[in-house]
Amino acid sequence: MATMRVAVVPKAGADFQLIEREIPSPGAGQVRIKVQACGICHSDVLTKEGSWPGLQYPRIPGHEVAGIIDEVGSGVTAWKKGERVGVGWHGGQDNTCPACRAGDFANCVAGAVTGISYDGGYQQFMLAPIEAVAHIPDGLDPADAAPLMCAGITTFNSLRHSGAGPGDLVAVQGIGGLGHLGIQFANKFGYRVAAVGRGPENESLAKKLGAHHYIDSKASNPAQELQKLGGARVILATAPSSKSMSEIFHGLGRNGSMLVVGADMAPIEIPGAALIFGRKRVQGWAAGTPSDSEDTMRFAALTGVRPMVEKFPFEKVAEAYARMTSGQAQFRVVITM
Ligand SMILES: [Zn+2]
Ligand SMILES: [Zn+2]
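An account of the accompanying structure is given in this report. (Residues numbered from 1 in each chain as written. Chains lettered and ligands numbered in written order. Predicted model: local features only at pLDDT ≥ 70, side-chain atom pairs only at ≥ 80, totals over all residues. Heavy atoms only, no water.)

1. A short note on the overall build of the protein chain
Moving on, step 1. Across its full length, the protein chain carries 10 helices and 15 strands.
Moving on, step 2. For the protein chain, the C-alpha radius of gyration of 20 Å lies close to 20 Å, the compact-globule estimate for 337 residues.
Moving on, step 3. Considered along the principal axes of its C-alpha atoms, the protein chain spans approximately 65 × 40 × 40 Å.
Moving on, step 4. The proportion of buried residues among the 337 residues of the protein chain is 52%.
Moving on, step 5. For the protein chain, contacts bridging at least 24 residues in sequence account for 65% of all contacts bridging at least 6.
Moving on, step 6. Of the roughly 14400 Å² of accessible surface on the protein chain, 51% is carried by carbon and sulfur atoms. (Helix = DSSP H or I, 4+ residues; strand = E, 2+ residues; numbered from the N terminus. Rg over C-alpha atoms; globule rule 2.2 N^0.38 Å. Buried < 20%, exposed > 50% of the residue type's maximum accessible area, 1.4 Å probe, protein only. Contact = heavy atoms within 4.5 Å. Areas by Shrake-Rupley, 256 points an atom, 1.4 Å probe, with all protein chains shown as cover.)

Below is the structure:
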């Protein structure tokens, strides 16, 4: 019996257990992936701490997976052994609900989530349904591809559908796991990019990533600063603070949109009149489909957009997870096999 190493959460709130398991065989419509790298995302807290309703244990987290197909199940014809692939948050869809019938798989009402509905990438081999698999282009390192499957797709996909065009002022609020990618994508999309961070220490990094302007939210009022620049067409709100989103909303120009991609549980407070005058909107955005992941990675490979990662060997998964929850990582934590 061939075995592999896995990092499993035995029950909600428990420590990771590094154990041996039998290497599973892919079922019908599945591929087996030899995992090379897996990002540790803040959403993995849902699996680790049990805050996702109905989550069943033991469970292996991880929805930023990069690896190589090493076996395919019956009925799988479009995917081959040896192909480089990734798996993100979108873990599959039911293909029958109204959203799926409309081709809107990302909004499937019974969609599976990788590392929540089934075991994710904190293991040496992982099974995935083909609905969840994305091609990784040549020239993209697995440790770079992994975070693009979540933080990357979220910022790329929300910005490309935001309505902003070349030269438009786009603000990226928060310079962290999402924001540092958002700034790079916004720059490569040809926007005029204003990065909004806390304190002067982030300015040089923000500009290196592609920001044309830097706004220190401790030293100034970001909404007023954005208005001085003409008002933002889009604000990509990545820092999970409803309070700061309620404030920076007023930096939008006419027809502007605030895209909410990071969240705390507090309400965002915006006066109705502030939405009406200038025809503004607030929109949420979650990652996307594997097809969107492929677009994200292809664009990153083409333009040089890369996540900043801190790599940990698989055996140090507990340390890597603690690094992620510390909030001190610059910026994505990735375990490598
Ligand atoms: Zn994630
Ligand atoms: Zn569906």
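Now that the structure has been shown, the text picks up again.
2. What about helix 4 (residues 179-188)?
Moving on, step 1. Of all 10 residues in helix 4, 8 are buried; the element is thus mostly enclosed.
Moving on, step 2. Of the residues making up helix 4, those classed as buried are Gly179, His180, Leu181, Gly182, Ile183, Gln184, Phe185 and Ala186.
Moving on, step 3. Gly190 occupies a position one or two residues after helix 4 and carries a positive phi of about 90°.

3. Examining the nonpolar core
Moving on, step 1. Ranked by internal contacts, the top residues of the largest apolar core, which has 41 residues, are Leu159, Ile175, Ile183, Phe185, Tyr191 and Met297.
Moving on, step 2. Listing elements by their share of this core, those giving two or more residues are helix 3 (142-160), strand 8 (169-173), helix 4, strand 9 (192-197), helix 5 (203-209), strand 11 (232-237) and helix 9 (290-303).
Moving on, step 3. At 8 residues, the largest contribution of residues to this core is made by helix 3.
Moving on, step 4. Those residues in contact with Ile175 that sit more than four places away from it in its chain are Ile183, Ala195, Val196, Gly197, Asn202, Leu205, Ala206, Tyr214 and Phe331. (Core = buried A, V, L, I, M, F, W, Y, C linked by side-chain atoms within 4.5 Å.)

4. A word on the coordination of the zinc ion (ligand 1)
Moving on, step 1. The zinc ion (ligand 1) binds to the protein through Cys41 (SG), His63 (NE2) and Cys150 (SG); the donor distances cover 2.0 to 2.2 Å.
Moving on, step 2. Along the chain, the residues donating to the zinc ion (ligand 1) are arranged with the sequence spacing C-x21-H-x86-C. Of this pair, His63 sits in the loop between helix 1 (44-49) and strand 4 (65-72) while Cys150 sits in helix 3, placing them 87 residues apart in sequence.
Moving on, step 3. The class of His63 is buried, set by a relative accessible area of 2%.
Moving on, step 4. Classification of Cys150 by relative accessible area gives buried; the value is 10%. (Donors = N, O, S within 2.8 Å, 3.2 Å for Na, K, Ca; no water.)

5. Focus on the pattern of salt bridges
Moving on, step 1. Under the definition given, this model contains 15 salt bridges.
Moving on, step 2. Across the pair Asp70 and Arg32 runs a salt bridge, and its minimum N-O distance is 2.8 Å. Within this pair, whereas Asp70 is found in strand 4, its partner Arg32 is found in strand 3 (residues 30-40), the two being separated by 38 residues in sequence.
Moving on, step 3. A single network of salt bridges, built from pairs that share partners, joins Arg160, Asp292, Asp295 and Arg298. (Salt bridge = Lys/Arg side-chain N within 4 Å of Asp/Glu carboxyl O.)

6. Notes on the packing of aromatic side chains
Moving on, step 1. Enumeration according to the criterion identifies 10 aromatic pairs in this entry.
Moving on, step 2. Note on Trp52 and Trp89: the rings are 5.9 Å apart at their centroids and 75° apart in plane angle, and the pair reads as edge-to-face. Separated by 37 residues along the polypeptide, Trp52 in the loop between helix 1 and strand 4 and Trp89 in the loop between strand 5 (84-87) and helix 2 (98-101) bring together distant segments of the chain.
Moving on, step 3. On the basis of relative accessible area, Trp52 is assigned to the partly exposed category, the value being 30%.
Moving on, step 4. For Trp89, a relative accessible area of 23% gives the class partly exposed.
Moving on, step 5. Pairing Phe185 with Phe299 gives two aromatic rings, centres 6.0 Å apart and planes at 45°, and the pair type is tilted. With Phe185 in helix 4 and Phe299 in helix 9, the pair connects residues that are 114 residues apart, well separated along the chain.
Moving on, step 6. Here Phe185 falls in the buried class, since its relative accessible area comes to 0%.
Moving on, step 7. Overall, Phe299 belongs to the buried group, its relative accessible area being 18%. (Phe/Tyr/Trp six-rings, centres within 6.5 Å; stacked < 30°, edge-to-face > 60°.)

7. Here's the deal with the packing of helix 3 against helix 4
Moving on, step 1. With their axes 9 Å apart at the nearest point, helix 3 and helix 4 run at an angle of 45° to one another. When the interaxial angle is binned, helix 3 and helix 4 end up oblique. The way helix 3 lies across helix 4 gives a crossing that is right-handed. Here Leu148, Ala151, Gly152, Thr155, Phe156 and Leu159 of helix 3 come into contact with helix 4, specifically with Leu181, Gly182, Phe185 and Ala186.
Moving on, step 2. Tallied by class, the residues present in the contact of helix 3 with helix 4 amount to 7 nonpolar, 3 polar and no charged. (Axes fitted to C-alpha atoms, helices over the stretch in contact; angles between N-to-C directions. Parallel < 35°, antiparallel > 145°, perpendicular 65-115°, else oblique. Left-handed = near helix turned anticlockwise from the far one by under 90°. Nonpolar A, V, L, I, M, F, W, Y, C, P; charged D, E, K, R; others polar.)

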